[in-house]
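Coordinates in review
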Amino acid sequence: MKTNTLIHAGLLAFCALATSGAQAATLDVHDCWIRSMPAKLPSSGYFVVSNSGDKPATLTGAETPAFGMAMLHKSTSNGSTSTMSMVDSAEVPAHGTLAFAPSGYHLMLEDAPKPVKVGSTIPLKLTFADQSSIDTTCVVKPASTLGK
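Cut-offs and rules
Residues numbered from 1 in each chain as written. Predicted model: local features only at pLDDT ≥ 70, side-chain atom pairs only at ≥ 80, totals over all residues. Heavy atoms only, no water. Phe/Tyr/Trp six-rings, centres within 6.5 Å; stacked < 30°, edge-to-face > 60°. Helix = DSSP H or I, 4+ residues; strand = E, 2+ residues; numbered from the N terminus. Buried < 20%, exposed > 50% of the residue type's maximum accessible area, 1.4 Å probe, protein only. Polar contact = N/O pair within 3.5 Å; in protein donor to acceptor, adjacent residues only side chain to side chain. Contact = heavy atoms within 4.5 Å. pLDDT = per-residue confidence, 0-100. Core = buried A, V, L, I, M, F, W, Y, C linked by side-chain atoms within 4.5 Å.

1. Topic: the packing of aromatic side chains
Enumeration according to the criterion identifies three aromatic pairs in this entry. With a centroid separation of 4.5 Å and an interplanar angle of 35°, the aromatic rings of tryptophan 33 and tyrosine 46 are classed as tilted. One end of the pair, tryptophan 33, is in strand β1 (residues 27-35); the other, tyrosine 46, is in strand β2 (residues 43-51), and 13 residues separate them in sequence. Summarising the burial analysis for this pair, tryptophan 33 and tyrosine 46 share the class buried.

In structure tokens form, the structure reads like this:
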């Protein structure tokens with residue numbers, strides 16, 4: 001009887017793990033880059049997430065060892081006024097894309113232990129509401145860069 005219970009528990013745990021990674025299998029991250037800024041100034045990160053799945057995915061966070069803090073932000077413009085605010089999440093539509101780009105969604109990156117150098121690459125991990133994650137690599141570009 002105990003053996004059946006253990007097998008059942010093991011199967012349930014396996015199914016839970018398989019389901020949590022299922023969403024990540026439908027997601028792809030590309031065109032990732034980070035803006036190089038002078039020491040002590042915050043930087044920003046940009047990328048595109050593509051979703052080939054039938055369900056939307058909710059991006060909830062990001063982390064990189066190159067910065068002590070990575071937050072999801074969104075810039076909005078209202079006539080002559082622009083504002084930037086932190087957001088808890090951003091949705092990647094089913095069979096669609098979500099672009100983090102200048103003047104829109106972006107990562108606000110702060111507390112770099114050392115300056116990032118133009119031309120170098122840094123790892124970035126994106127996390128989603130279903131507990132899945134995607135690892136990617138970002139290229140560091142000059143502060144004057146306007147797009148990918």
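And the narrative resumes.
2. Examining the side chain of serine 44
Relative to the assigned elements, serine 44 resides in strand β2. Here tyrosine 46 takes part through its side chain, which lies 2.7 Å from a polar atom of the side chain of serine 44. Those residues in contact with serine 44, other than ones at most four positions away along the chain, are Trp33, Ile34, Arg35, His106, Leu107 and Leu109.

3. Focus: the confidence of the model for the protein
When pLDDT is averaged along the protein, the result is 85; 82% of the residues meet or exceed 70. Counted against residues more than four places away or in other chains, residues 1-21, with its pLDDT under 50, gives two contacts.

4. Some points on the nonpolar core
Of all hydrophobic cores here, the largest spans 26 residues; its most connected members are Phe47 and Leu126. Of all elements in the fold, only β1, β2, β3 (57-63), β6 (90-92), β7 (96-100), β8 (105-110), β9 (121-128) and β10 (133-141) reach the threshold of two or more residues within this core. Apart from residues lying up to four places away in sequence, leucine 126 is in contact with Val29, Phe47, Val49, Leu59, Gly61, Ala62, Ser132, Ser133 and Ile134.

5. Details of the environment of tyrosine 105
Relative to the elements of secondary structure, tyrosine 105 occurs in strand β8. A sequence separation of 58 residues divides tyrosine 105 from phenylalanine 47, and the C-alpha atoms of the two residues are 9.5 Å apart. The residues touching tyrosine 105, leaving out its near neighbours within four places in the chain, are Tyr46, His73, Lys74, Val87, Ala90, Leu98, Ala99 and Phe100.

6. A closer look at the environment of threonine 76
As for its position among the elements, threonine 76 is in strand β4 (residues 69-78). In this structure the C-alpha to C-alpha distance between threonine 76 and serine 103, which are 27 residues apart in sequence, comes to 7.0 Å. Setting aside chain neighbours within four positions, we find threonine 76 in contact with Thr81, Ser82 and Thr83.

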